[in-house]
Amino acid sequence: SLYLIVVLVFYIGFFLFDILVDLLNLRNASTHVPDEFLGMYDAEKYSKSQLYLRETTRFSMIQHCFMGVVTVCCVLLGGFNVLDVWVRDFGFSELITGVVYMLGLGLLMGGLSLPFSFYSTFVIEEKYGFNKTTITTFFGDLLKSMVIMAIIGSLLLFGVLWFFTYFGAQGWLYVCVFVVCVQLFLMYIAPTVIMPLFNKFDAVEEGELRDKIMTYAKKHEFALAGVYKMDGSKRSSKSNAFFTGFGKQRRIVLFDTLIEKHTTDELLAVLAHEMGHYKLKHIHKMVSVSIISSFVMFYIFSLFINNE
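Residues numbered from 1 in each chain as written. Predicted model: local features only at pLDDT ≥ 70, side-chain atom pairs only at ≥ 80, totals over all residues. Heavy atoms only, no water.

An ideal rise of 1.5 Å per residue puts 38 Å on 26 residues; helix α1 (residues 2-27) measures up with 37 Å between its terminal C-alpha atoms. Those residues of α1 hidden inside the fold are in contact with α2 (43-77). (Helix = DSSP H or I, 4+ residues; strand = E, 2+ residues; numbered from the N terminus. Expected span 1.5 Å × (residues − 1). Contact = heavy atoms within 4.5 Å.)

Okay, structure coming up:
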């Protein structure tokens, strides 16, 4: 059908574009420090970082290609339809059937990607000395993620299908508002409800680091709910920092590995970078783009539904 051709053209087009971007990155990933930065970077560490980039990019391409081929084959050979028929045989209502179908599809796709995730963590990350994740932590994270996604996904899917079912041609508008509200709500509760399920967050104790961070934030009129240290070393030796939440829930999170490896002034430099994203309204822009994309996506989806 025409719809099938349109969907496949767009899917394959985006797939090939992503592969092209990865190939361009690989072509320009040199293990030699650029002349302009000689003396500024340790040559051995730079070479190792580029080798890591090459390997992770190639592995990502392999996974992307595998999942792409599986998806296209399921579309053309009727794999998605087989799952649909199987789920319908349970005799649930249309709404429940739709939710069960999507959860089942997500479970199957997640199962296919599991070996790639395992290899990435315990082979590639281990090879370059980054991995600190144990088998128990890996599968514990997987189980918690599945439970959270099942709960949130079920409620979200049920709401989406309900609006499309009972509001007809105007359903997409209600769906967009509903999805955006859920997204904003999850962003608000994530720092205090969801993220602590995976990591431990401790308030940075009183001292030079906390005082300088709070002084810097106050100087730039950046309201904070607090400064926290996260046990990132539980899974990786990599260092990172980020802001999470918004409004009164906005907080700074520093990996324990970052605190251990850097001075207070260096940590302030990292903080300034992260704060710059807020000052330049990058977060607001990303949220706005996400909202607009949702409206466009659901509107197009409604055209397919209404023309069936």
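Right, let's get into the nonpolar core. Note on soluble globular proteins: their nonpolar side chains tend to be buried together. Counting residues in each nonpolar core, the largest one holds 22 residues, and the members touching the most others are Ile213, Phe243, Ile252 and Leu254. Secondary structure elements with two or more residues in this core: α7 (208-219), β2 (227-230), β3 (241-244), β4 (251-255) and α9 (264-279). With five residues, α9 is the largest single contributor of residues to this core. Contacts of Ile252, omitting those with residues within four sequence positions, involve Ile213, Leu224, Gly226, Val227, Tyr228, Phe242, Phe243 and Leu271. The next biggest cluster of nonpolar side chains, apart from the first, holds eight residues, and it includes Phe163, Val175, Val179 and Phe298. (Core = buried A, V, L, I, M, F, W, Y, C linked by side-chain atoms within 4.5 Å. Buried < 20%, exposed > 50% of the residue type's maximum accessible area, 1.4 Å probe, protein only.)

Counted according to the given criterion, the structure contains nine salt bridges. A salt bridge links Glu94 to Arg88, with the nearest nitrogen and oxygen atoms 3.4 Å apart. Owing to a relative accessible area of 57%, Glu94 belongs among the exposed residues under this scheme. Between Lys200 and Asp202 there is a salt bridge, with its nearest N and O atoms 4.0 Å apart. (Salt bridge = Lys/Arg side-chain N within 4 Å of Asp/Glu carboxyl O.)

As a further point, take the environment of Glu55. Note that Glu55 resides in helix α2. In this view, Glu55 contacts Ile124, Lys127 and Tyr128; residues no more than four positions away in its chain are not counted. Looking at Glu55, its side chain comes within polar contact range of the side chain of Tyr128, at 2.9 Å. (Polar contact = N/O pair within 3.5 Å; in protein donor to acceptor, adjacent residues only side chain to side chain.)

Taken together, Trp86, Phe90, Phe92, Ile96, Phe158, Trp162, Tyr166, Phe167, Leu173 and Tyr174 make up a surface patch of nonpolar side chains, about 990 Å² in accessible area. The set of elements that each furnish at least two residues to the nonpolar patch consists of α5 (135-167) and α6 (171-194). Looking at which element gives the most residues to the nonpolar patch, the answer is α5, with four residues. With respect to the helices and strands, Phe167 occurs in helix α5. Judged by relative accessible area, Phe167 falls into the partly exposed class, the value being 31%. (Patch = residues over 30% accessible without salt bridge, like charges linked within 9 Å, V, L, I, M, F, W, Y side chains within 5 Å. Areas by Shrake-Rupley, 256 points an atom, 1.4 Å probe, with all protein chains shown as cover.)

This paragraph deals with the sheet that holds β3. Spatial strand order, β1-β2-β4-β3: four strands in an open sheet with mixed pairing. In this open sheet, the two edge strands, each paired with only one partner strand, are β1 (201-203) and β3. Going across the sheet, the axis of each strand differs from the next one's by a mean of 30°, ignoring polarity. Of the strand pairs in this sheet, β2 and β4 are connected by four bridges, and their pairing is parallel. By the bridge assignment for β4, Tyr228 is matched with Val253. (Pairing = 2+ DSSP bridges. Axes fitted to C-alpha atoms, helices over the stretch in contact; angles between N-to-C directions.)

A full pass over the atoms with the stated rule returns 26 aromatic pairs. Between Tyr52 and Tyr128 the ring centres are 5.2 Å apart and the planes differ by 75°, which places this aromatic pair in the edge-to-face class. Placement of the pair is Tyr52 in helix α2 and Tyr128 in the loop between α4 (94-127) and α5, with a sequence separation of 76 residues. Considered together, Tyr52 and Tyr128 belong to a single accessibility category, that of buried residues. Members of the aromatic cluster, joined through ring pairs, are Trp162, Phe163, Tyr166, Phe167, Tyr174 and Phe178. Between the NZ or CZ atom of Lys144 and the centre of the ring of Phe198, over which it lies, the distance is 5.2 Å. (Phe/Tyr/Trp six-rings, centres within 6.5 Å; stacked < 30°, edge-to-face > 60°. Lys NZ or Arg CZ within 6 Å of the ring centre and 35° of its normal.)

Attention shifts here to the pairing of β4. With respect to burial, β4 is a largely interior element, five of its five residues being buried. Residues Arg251, Val253 and Phe255 point to one face of β4 and Ile252 and Leu254 to the other, with burial holding for every one of them. Relative to β4, β3 runs antiparallel, the two sharing four bridges. Bridging across to β4, Thr244 finds its partner in Arg251.

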